[in-house]
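One letter stands for each residue in the lines below.
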Amino acid sequence: MRSLTHVLAVPYPAQGHVIPMMEFAKKLVHHGCKVTFANTDFIHRRVTNAMSSKEEDDGNDDNCGNKLKMVSIPDGLEHGDDRLNLEKLMGSMQRVMPRKLEELIRKAKNDENRRFTCVVAEGGTGWALEVAKRMEIKTVSFCPVSASTAAVACSIPKLIEDGIIDGNDGSILKKQIFNISPTMPVISTSAFAWACFDDMMTRKSLFKLTSKSNEFVEKFADFKICNSANELEPAAFSLLPELLPVGPLLASSKLGNQGGNFWAKDSECLSWLDQQPARSVIYVAFGSFTAFNQTQFQELALGLELTNKPFLWVARPGITFKETDEGDYPQGYKERIGCRGKIIST
């Protein structure tokens, strides 16, 4: 009997990357593939800790049976190390994880039912594509964000050549609004992903990660796919014809198993939501790497208050570079918003 196609999925260790790739993994399973989903040890613990005991018993597979398996690889950092330090995290991952991934692939190589036939990885984990290519395994690069964001990343060499950004750290040399292509909407240089951080070290690290990701994908990806649809971004996909749309990959809306969540579900907000008019609630949530300074955090809080609309705000620990507490909110904030706003501290 012919063995199933076995895909090894390697997401970047951040919430907004793990969930879309998990959704893609489930699609592959539903189309007859087996998938081994490899998080870092740290993220694997977060995901499994966030799961209910029933989900753990079910394998967190959303009816995928035994065709979706979750494993982990060390990222090289210690338990108490700061994983929001991108420079430190990137260096450690690049130093440790390729060798560990190769060990995982080699262990499965001699078993026809476990042998990997394809590796799916992001640009941020592009070293996995390099390892797979070296081991003669098919490779697919997965872009979890929009095709337009991918187009900006691919334009970095041109942005450097035109003197718009500094090639060493991505600093904006010319603040302006421009088109990547005549058919795409105009964008501002201030909207570049790496330019949205206050901390210069974080900006430089993210710029280096983006640039290195491009190199990995161009050198080692047999196919390139994106979490978007041609109907949503026709101009971006025209600019990048090799990028295949496979999205949008949306997390299941049902209350059951979704997979990949870093924090446990909070069901207390459901009764509050049921009391709000349909389509009236503003939902606010940011990724696991997003962090605000005190001023930004308070401006966001006051902005939500000034909308005079009901809102559900997921304020995770660490969003202001420390554990969120009452002192982070404007004075009297929670009393003023009353029942109109619901804040979930994950």
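The protein goes by UDP-glycosyltransferase 83A1 in an unreviewed UniProt entry, where it is assigned to Heracleum sosnowskyi. Here is the UniProt Sequence similarities (unreviewed entry) comment for the protein, exactly as written: "Belongs to the UDP-glycosyltransferase family." Quoted verbatim from the Pathway (unreviewed entry) field of UniProt, the annotation for the protein is "Secondary metabolite biosynthesis; terpenoid biosynthesis."

**Comments concerning the nonpolar core**
Counting residues in hydrophobic clusters, the biggest one holds 42 residues, and the most contacted among them are Leu101, Ile105 and Trp194. Of all the secondary-structure elements, those providing two or more residues to this core are β1 (6-10), β3 (68-73), α4 (86-109), β4 (118-121), α5 (127-134), α7 (156-161) and α8 (200-220). Take this core: its biggest share by element is eight residues, from α4. Contacts of Trp194, omitting those with residues within four sequence positions, involve Val152, Ile156, Ile165, Gly170, Arg203, Leu206, Phe207 and Thr210. Met22, Val29, Val120 and Leu249 belong to the second largest nonpolar core, which has 25 residues in total.

**Overview of unusual backbone geometry**
Note the cis peptide between Gly247 and Pro248, where omega equals 0°. Mapped onto the elements, Pro248 comes out in the loop between β9 (243-245) and α10 (268-274). The backbone phi angle of Arg279 is positive, close to 55°, even though this residue is not glycine. By secondary structure assignment, the location of Arg279 is in the loop between α10 and β10 (282-284). Classification of Arg279 as exposed rests on a relative accessible area of 90%. The backbone of Asn308 sits at a positive phi, close to 60°, despite the residue not being glycine. Classification of Asn308 by relative accessible area gives exposed; the value is 61%.

**A look at the packing of aromatic side chains**
All told, the structure shown has nine aromatic pairs when counted by the stated rule. Note on Trp313 and Tyr329: the rings are 5.8 Å apart at their centroids and 80° apart in plane angle, and the pair reads as edge-to-face. Here Trp313, found in strand β11 (residues 311-314), pairs with Tyr329, found in the loop between β11 and α12 (333-337); they are 16 residues apart in sequence, far enough to count as distant. On the accessibility criterion, Trp313 (0% relative accessible area) is buried. Taking the relative accessible area as the measure of exposure, Tyr329 reaches 6% and is therefore buried. Taken together, Phe178, Phe192, Trp194 and Phe207 form an aromatic cluster joined through their ring pairs. One residue, Lys212, lies across the ring of Phe216, its end atom 5.1 Å from the ring centre.

**A short note on the sheet that holds strand β12 (residues 341-344)**
Consider a sheet: its strands pair through backbone hydrogen bonds, and that pairing is either parallel or antiparallel. An order of β10-β11-β12 is seen for the three strands of this open sheet, with the pairing classed as parallel. The open sheet has two free edges, formed respectively by β10 and β12, since each of these has just one partner strand. With direction set aside, neighbouring strand axes in the sheet form an average angle of 10°. As defined by bridge partners, β10 adjoins β11 across three bridges and the pair is classed as parallel. Paired with Ile282 across the strands is Phe311, a residue of β11. In the packing of helix α11 (residues 294-306) onto the sheet, contacts are made with β10 and β11, and the angle to β11 comes to roughly 165°.

Thresholds, definitions, all that
- Residues numbered from 1 in each chain as written.
- Predicted model: local features only at pLDDT ≥ 70, side-chain atom pairs only at ≥ 80, totals over all residues.
- Heavy atoms only, no water.
- UniProt positions renumbered as here; feature names shortened; annotations may be inferred.
- Core = buried A, V, L, I, M, F, W, Y, C linked by side-chain atoms within 4.5 Å.
- Buried < 20%, exposed > 50% of the residue type's maximum accessible area, 1.4 Å probe, protein only.
- Helix = DSSP H or I, 4+ residues; strand = E, 2+ residues; numbered from the N terminus.
- Contact = heavy atoms within 4.5 Å.
- Phe/Tyr/Trp six-rings, centres within 6.5 Å; stacked < 30°, edge-to-face > 60°.
- Lys NZ or Arg CZ within 6 Å of the ring centre and 35° of its normal.
- Pairing = 2+ DSSP bridges.
- Axes fitted to C-alpha atoms, helices over the stretch in contact; angles between N-to-C directions.

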